[in-house]
Number of protein chains: 2
Amino acid sequence: MEEKIVAGFEQVLPEKIEERSFAIIREELAQMGIYLDPREAPVIERVIHATADFDHAESLVFSADAPSIGIQALRHRATIVTDTNMAKAGINKKKLGSLGGQVLCFMADEDVAEAARAQGSTRAAASMEKAARLSSALPGPMIIAIGNAPTALIRLYELIQAGAFMPALVIGVPVGFVNVVQSKERMLSRTDTPYIIDRGRKGGSNVAAAIVNALLYQA
Amino acid sequence: MEEKIVAGFEQVLPEKIEERSFAIIREELAQMGIYLDPREAPVIERVIHATADFDHAESLVFSADAPSIGIQALRHRATIVTDTNMAKAGINKKKLGSLGGQVLCFMADEDVAEAARAQGSTRAAASMEKAARLSSALPGPMIIAIGNAPTALIRLYELIQAGAFMPALVIGVPVGFVNVVQSKERMLSRTDTPYIIDRGRKGGSNVAAAIVNALLYQA
């Protein structure tokens, strides 16, 4: 179909909208003089697609081979644990299911709420302890995708530090103002943990879901 | 509890994190010389809280009394229709339910997929037609919250223009690169429709949910 401008609108077939969006993103990145590592580009471009925010081209940082590690995990029946039901809702569960994977969120679980109350911590932190316990019983790898709570990322760091947990990949993209920057910097200090981190205050459930989906579409 | 800095982390009780976040947001807005209309501030601050992106302080635009119109609708058993399951997941359904309201998303409905195929349009556009049909059968008001698809916002405009639909409030915050800006500008041209619009490319399911929740917490 011919593309044309009608009354200020760009005419694009429904099934071509995403393709056209990514073409615009790549064009504007090039205009900004930003050239992405081809292994990281699918993740970064999908996050920009989800947010219309090019800041993520600078703020997303990857440990060595993190995308391919994530893709490999997703090919081997990965369990994704996330700290928000929004991220869970945004992950392509049809694609994930076709690979034998699943996504879990423990934030509404009564045992998690109880543990948080008992410890004076957050449900997000307690949900990471539940993920660590579950991980040892799972046959496949686990990916942790934190889109909201820095307290989850901090507890995850502590569990890894204590040798109690080693997820295949940490997607650390909490958003906000209290300890968000610090939680990410702390996780970035690990040299033994594959991670994708959105440095700074920005992130969110939409960013977490976009990163998982970018990996899924390559798996 | 005394607040202190330990190893770079700010010590804040779990139940105080949100309060502290909003205090930081207000402080930084003031430092930027941005003073919000008190009727709009709860919405704008909650969107910044969800995104860590102060751009929304400038991009969010409100028709006259839009927040109070939304709050009134939520007090009268509103039905919220959204174009993404992520926004649905992010809306506080406990609070909404306590007010007798509900939130619906038609994106996965087979009749919507069929209508989109038949028309060569998107499921998001077809879901607005389903909302319009449903609206006339509902006793309460309807709020439309579009966090993803500009095609939904464009179809919504056409339905209103044709006199086929008049929602109590339009939350128009699709995100992206193809016709997103144009769809918002078109809706902004209406003088008869209460709206909250995130002008420009930015928006998203998280922004849509934050706006709904900001209204809910005042209802």
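These lines cover the structure that appears in this document, whether it is placed above or below.

The rules behind these values
Residues numbered from 1 in each chain as written. Chains lettered and ligands numbered in written order. Predicted model: local features only at pLDDT ≥ 70, side-chain atom pairs only at ≥ 80, totals over all residues. Heavy atoms only, no water. Helix = DSSP H or I, 4+ residues; strand = E, 2+ residues; numbered from the N terminus. Rg over C-alpha atoms; globule rule 2.2 N^0.38 Å. Buried < 20%, exposed > 50% of the residue type's maximum accessible area, 1.4 Å probe, protein only. Contact = heavy atoms within 4.5 Å. Areas by Shrake-Rupley, 256 points an atom, 1.4 Å probe, with all protein chains shown as cover. Lys, Arg positive; Asp, Glu negative; His and termini not counted. Charge placed at Lys NZ, Arg CZ, Asp CG, Glu CD. Phe/Tyr/Trp six-rings, centres within 6.5 Å; stacked < 30°, edge-to-face > 60°. Lys NZ or Arg CZ within 6 Å of the ring centre and 35° of its normal. Axes fitted to C-alpha atoms, helices over the stretch in contact; angles between N-to-C directions. Parallel < 35°, antiparallel > 145°, perpendicular 65-115°, else oblique. Left-handed = near helix turned anticlockwise from the far one by under 90°. Buried area = accessible area lost by both parts, 1.4 Å probe. Salt bridge = Lys/Arg side-chain N within 4 Å of Asp/Glu carboxyl O. Polar contact = N/O pair within 3.5 Å; in protein donor to acceptor, adjacent residues only side chain to side chain. Pairing = 2+ DSSP bridges. Right-handed = clockwise from strand over helix to strand, strands pointing away. Least-squares fit on C-alpha atoms with pLDDT ≥ 70 in both. Disulfide = S-S within 2.5 Å.

### Let's talk about the overall build of chain A
Along the backbone of chain A there are eleven helices and eight strands. The C-alpha radius of gyration of chain A comes to 18 Å, within 12% of the 17 Å expected for a compact globule of 219 residues. The buried share of chain A, taken over its 219 residues, is 55%. Within chain A, residue pairs in contact and separated by at least 24 positions form 65% of the contacts whose partners lie at least 6 positions apart. Accessible surface for chain A amounts to roughly 9,200 Å². Of this, 50% is attributable to carbon and sulfur atoms. Considering chain A, the positive charge centre built from 23 side chains and the negative charge centre built from 25 side chains are found 6 Å apart.

### Describing the packing of aromatic side chains
Per the counting criterion, the structure on display carries two aromatic pairs over all chains. Each ring, one from phenylalanine 54 of chain A and one from phenylalanine 177 of chain B, has its centre 5.9 Å from the other, and the planes form 80°; the classification is edge-to-face. On the criterion of chain membership, the pair formed by phenylalanine 54 of chain A in the loop between helix H2 (41-51) and helix H3 (56-59) and phenylalanine 177 of chain B in the loop between strand S7 (169-172) and helix H10 (180-188) is interchain, its members lying in two chains. Judged on exposure class, the residue phenylalanine 54 of chain A and its partner phenylalanine 177 of chain B are both buried. In this structure, lysine 130 of chain A packs its charged tip against the face of phenylalanine 106 of chain A, placed 5.0 Å from the ring centre.

### What to know about the environment of lysine 130 of chain A
The residue lysine 130 of chain A is located in helix H8 (residues 123-135) in this model. Residue contacts for lysine 130 of chain A: discarding those within four places in its chain leaves Phe106, Asp109, Asp111 and Val112 of chain A.

### So, the packing of helix H2 (residues 41-51) of chain B against helix H11 (residues 205-216) of chain B
Packed helices, taken two at a time, are described by the angle their axes make and the gap between the axes. Residue and element names in this part refer to chain B. Interhelical geometry of H2 versus H11 gives an angle of 140° and a closest axis separation of 8 Å. The angle between the axes of H2 and H11 places the two elements in the oblique class. In the crossing of H2 with H11, the sense of the turn from one axis to the other is right-handed. Only Asn206, Val207, Ala210, Ile211, Asn213, Ala214 and Leu215 of H11 make contact with H2, whose side of the interface consists of Pro42, Val43, Arg46, Val47, Ala50 and Thr51.

### Focus: the interface of chain A and chain B
Every contact between the two is made by 42 residues of chain A and, on the other side, 42 residues of chain B. Of the roughly 3,200 Å² buried between chain A and chain B on both sides combined, carbon and sulfur atoms contribute 68%. The largest per-residue losses of area from chain A upon contact with chain B belong to Phe9, Met86 and Phe177 of chain A, which jointly make up 24% of the total buried on that side. Here chain A is connected to chain B by four salt bridges. When the shortest N-O distance is used, the salt bridge between lysine 202 of chain B and aspartate 53 of chain A registers 3.9 Å. Put simply, chain A and chain B have seven residue pairs in polar contact (both at pLDDT 80 or more) between them. For the side of chain A that touches chain B, the leading source of residues is helix H1 (residues 17-31) of chain A, giving six residues.

### Thoughts on the sheet that holds strand S3 (residues 60-62) of chain B
Residue and element names in this part refer to chain B. The strand order S3-S8-S7-S6-S4-S5 describes an open sheet built from six strands, whose pairing is mixed. This sheet does not close on itself; its edge strands, each paired only once, are S3 and strand S5 (102-105). Pairs of neighbouring strands in the sheet enclose a mean axial angle of 15°, with direction left out of account. Judged from the three bridges that link them, S3 and strand S8 (residues 195-198) form a sheet pairing that is antiparallel. Bridge assignment links valine 61 to a residue of S8, and that residue is isoleucine 197. This element, H11, spans S3, strand S4 (79-82), strand S6 (142-146), S7 and S8 of the sheet and lies at about 145° to S7.

### Details of the pairing of S8 of chain B
All names here are of chain B. Of the two faces of S8, the one lined by Tyr195 and Ile197 and the one lined by Ile196 and Asp198 are each fully buried. By the bridge criterion, three bridges tie S7 to S8 in an arrangement that is parallel. Bridging from a neighbouring strand, isoleucine 171 pairs with isoleucine 196 of S8. Note that the unit made of S7, H10 and S8 has a crossover that is right-handed.

### As for the relation of the copies chain A and chain B
The two copies are related by a screw motion: chain A maps onto chain B through a turn of 180° and a shift of 0.0 Å along the axis, at an RMSD of 0.0 Å. In symmetry terms, the pair is related by a two-fold rotation axis. Relative to the rotation axis, the closest C-alpha in chain A is found at methionine 86 of chain A, a distance of 2.4 Å. Comparing interface residues between copies, 100% of those in chain A also sit at the interface in chain B, which points to an isologous, same-surface contact.

### With respect to the state of the cysteines
With the rule as written, the count across this model stands at zero disulfides over all chains. The thiol of cysteine 105 of chain A is not disulfide-bonded; the next cysteine sulfur, from cysteine 105 of chain B, is found 18 Å away.

### A few points about the sheet that holds strand S8 (residues 195-198) of chain A
Residue and element names in this part refer to chain A. Sheet architecture is open: six strands sit in the order S3-S8-S7-S6-S4-S5, paired in mixed fashion. Edge strands, defined here as strands with exactly one partner in the open sheet, are strand S3 (60-62) and strand S5 (102-105). Averaged over all pairs of adjacent strands, the angle between strand axes in this sheet comes to 15°, irrespective of strand direction. Sitting on the sheet, helix H4 (residues 66-74) touches S3, strand S4 (79-82), strand S6 (142-146), strand S7 (169-172) and S8, and the angle it makes with S6 is about 120°. Helix-sheet contacts for helix H10 (residues 180-188) involve S3, S7 and S8, and the interaxial angle to S8 is about 155°.

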